[in-house]
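# An overview of the molecular structure
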Amino acid sequence: MEDRTDGRNANQLRPLGCSRNILNRAHGSARWSQGNTIVLAAVYGPKSGTKKGENPEKASFEVIWKPKTGQIGKQEREYEMILKRTLQSICLVNVHPNTTTSVIVQVVGDDGSLLPCAINASCAALVDAGIPMKHLAVSISCGLMEEGSIILDLTKSEEEKLKAFAYLVFPNSPLSVIDKVHSSKEEPIEHGIITSVSYGAMPVSGYFDCLERGRAASAAISEFLRRSLQKQSSDDASRAAQ
Amino acid sequence: MDVDTGNMTQTNLVDKVVVPGDVVLDLTKMENQTIKLGSGLRQDCDYISVMQAGKLRLSKPNKYWVESSQKRYVHRLEDTVLGIVVEHRSDNFLVDIKAPNLAFLPVLAFEGGTRRNIPKFETGTLIYARVVKANGIMNPELSCTDASGKAAEFGQLKNGYMFETSTGLARMLLSSPTCPVLEALGKKISFETAVGLNGRVWVNASSPDDVILVSNAIMRSEFLSGTQQRIMAEKLLERLQKS
């Protein structure tokens, strides 16, 4: 296994950072960083009224992606569409029908794994705004090397070198009071998958390997997200006392 | 014995921070019990799961809810809120209460209200009202009278200063016994406040200095404990030599 440029091993993620409630005017906001990839997400809503093409019996989402530099083009529209469909599937859309929730994503730094970072940031911002959700989403990027080994959390240089890689979004692992024995006949919720975007050609076995590794790593990110949501209340106390 | 362990697992998440997706109650283990669910929880077939992140609370014997603080408000029946008039239609005022929908305030919902003495509220008027109809989907309806039809402090709030807070801070200000910051300020300054559960607070006092002092003290007290609030309020009062 060759060494990665920043010295990580194949399964190691970059340092994660998450802070919430950073924007004063937004109803919910979060900043998520994975190494040098930093994304700021803001949520406004729910506001009344839906756009023309949307179903008024459900809450609708509108995503605006703002790149760090340059004009908005096809790549941004694609990210907006993927993010919108991911968020629609994790949020409960029947609680506030005929409303629109806007999610604005601002790219602050791009060093690979941009879409997973944005999905994680949007999920944290939605939690901050109190939008009703079924469960959280955690997202990770996996790349397939030539000899068939998988590396996680790609940087920009790795994404450009690799033949194929995928961005995967899994539901988080929930805390539950149900005995594990009782529900062992059903698949645990974290075995599902919400979104998968693949770039390049990879063999089917390679794709399934990516899924396995990604799912295992998503448990770590899910744990980090839970801890940062819990720490928030005690953080605020120390922040406000200054 | 089974019942004991069942009860322990049911309540081991109470007073802990939960995130959306966590399952907090297993209804198959609780038979013949009525459970009341508050905000942030929903029923998913046989389980009760969490919709919003926050602290899970239990009020014995059977009320569960998730305590969380947001910048927006979800309308609930019998909440007192501060609204801003947005428009005047023929038979009701449209009022913004920071909820997903605009609220309606019927033109006659005032003490002694008839078609002849409809109040003239312009756009931007601040109103203290009570939510009388709130089913999540339709626009909520407000009223400026209490249950027996009397005015009871509802209506337009004149002068003073209104600022926005989170719903958590509004709940803390309205808690009983009296919130420590309000108590500490009330000992030295005379002021009146109206707190809306939708995250709006109105403060009025005889001089602008007092209004600013009280508003700042309230805004700063969100994450402080009782003693810290008292100390903070006293420091502010000292600085302006009110003590």
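None of the values given here were measured: they were computed from a predicted structure.

## Some details on the overall build of chain B
When helices and strands are tallied, chain B shows 5 helices and 16 strands. Projecting the C-alpha coordinates of chain B onto the three principal axes gives extents of approximately 65 × 50 × 30 Å. For chain B, restricting intrachain contacts to residue pairs at least 6 apart in sequence, the fraction spanning at least 24 positions comes to 61%. When the accessible surface of chain B is totalled, it reaches about 12,700 Å², and 50% of it is carbon and sulfur. Computing the positive centroid from 29 side-chain charges and the negative centroid from 27, chain B places the two 4 Å apart.

## Here we look at the interface of chain A and chain B
Counting residues at the interface gives 40 residues for chain A and 32 residues for chain B. Across the chain A/chain B interface, buried area totals approximately 2,900 Å², and carbon plus sulfur atoms make up 59% of it. Viewed at the interface, chain B and chain A are joined by 1 salt bridge. In this structure, D22 of chain B engages R226 of chain A in a salt bridge whose closest nitrogen and oxygen atoms are separated by 2.9 Å. Secondary-structure elements contributing two or more residues to the side of chain A that touches chain B are strand 3 (37-48), helix 2 (114-129) and helix 4 (204-240) of chain A. Ranked by residue count, the leading element in the side of chain A that touches chain B is helix 4 of chain A, at 6 residues.

## Digging into the UniProt feature "domain: K Homology" (unreviewed entry) in chain B
Here, UniProt's "domain: K Homology" (unreviewed entry) annotation points to residues 160-208 of chain B. Annotated as residues 160-208 of chain B, this span is 35% helix and 33% strand, and its ends, taken at the C-alpha atoms, are 9 Å apart.

## Here we look at the UniProt feature "domain: Exosome complex exonuclease Rrp40 N-terminal" (unreviewed entry) in chain B
In the numbering adopted here, UniProt assigns the feature "domain: Exosome complex exonuclease Rrp40 N-terminal" (unreviewed entry) to residues 35-72 of chain B. Taken as a whole, residues 35-72 of chain B contains 0% helix and 55% strand, while its terminal C-alpha atoms sit 27 Å from one another.

## Some details on the confidence of the model for chain B
In this model, chain B carries a mean pLDDT of 87, and residues with pLDDT of at least 70 account for 95%. Interface confidence in the predicted complex, given as ipTM, is 0.86; pTM for the same model is 0.89.

## Section: the side chain of R72 of chain B
With respect to the helices and strands, R72 of chain B occurs in the loop between strand 7 (63-67) and strand 8 (80-88). In this structure, R72 of chain B is buried with no salt-bridge partner, the nearest side chain bearing the opposite charge being D96 of chain B at 5.3 Å. A polar atom in the side chain of R72 of chain B sits 3.2 Å from the backbone oxygen of P46 of chain A. A distance of 3.1 Å separates a polar side-chain atom of R72 of chain B from the backbone oxygen of A99 of chain B. Leaving out residues up to four positions away in the same chain, R72 of chain B has contacts with H27, G45 and P46 of chain A together with K98, A99, P100 and T167 of chain B.

About the cut-offs
Residues numbered from 1 in each chain as written. Chains lettered and ligands numbered in written order. Predicted model: local features only at pLDDT ≥ 70, side-chain atom pairs only at ≥ 80, totals over all residues. Heavy atoms only, no water. Helix = DSSP H or I, 4+ residues; strand = E, 2+ residues; numbered from the N terminus. Contact = heavy atoms within 4.5 Å. Areas by Shrake-Rupley, 256 points an atom, 1.4 Å probe, with all protein chains shown as cover. Lys, Arg positive; Asp, Glu negative; His and termini not counted. Charge placed at Lys NZ, Arg CZ, Asp CG, Glu CD. Buried area = accessible area lost by both parts, 1.4 Å probe. Salt bridge = Lys/Arg side-chain N within 4 Å of Asp/Glu carboxyl O. UniProt positions renumbered as here; feature names shortened; annotations may be inferred. pLDDT = per-residue confidence, 0-100. Buried < 20%, exposed > 50% of the residue type's maximum accessible area, 1.4 Å probe, protein only. Polar contact = N/O pair within 3.5 Å; in protein donor to acceptor, adjacent residues only side chain to side chain.

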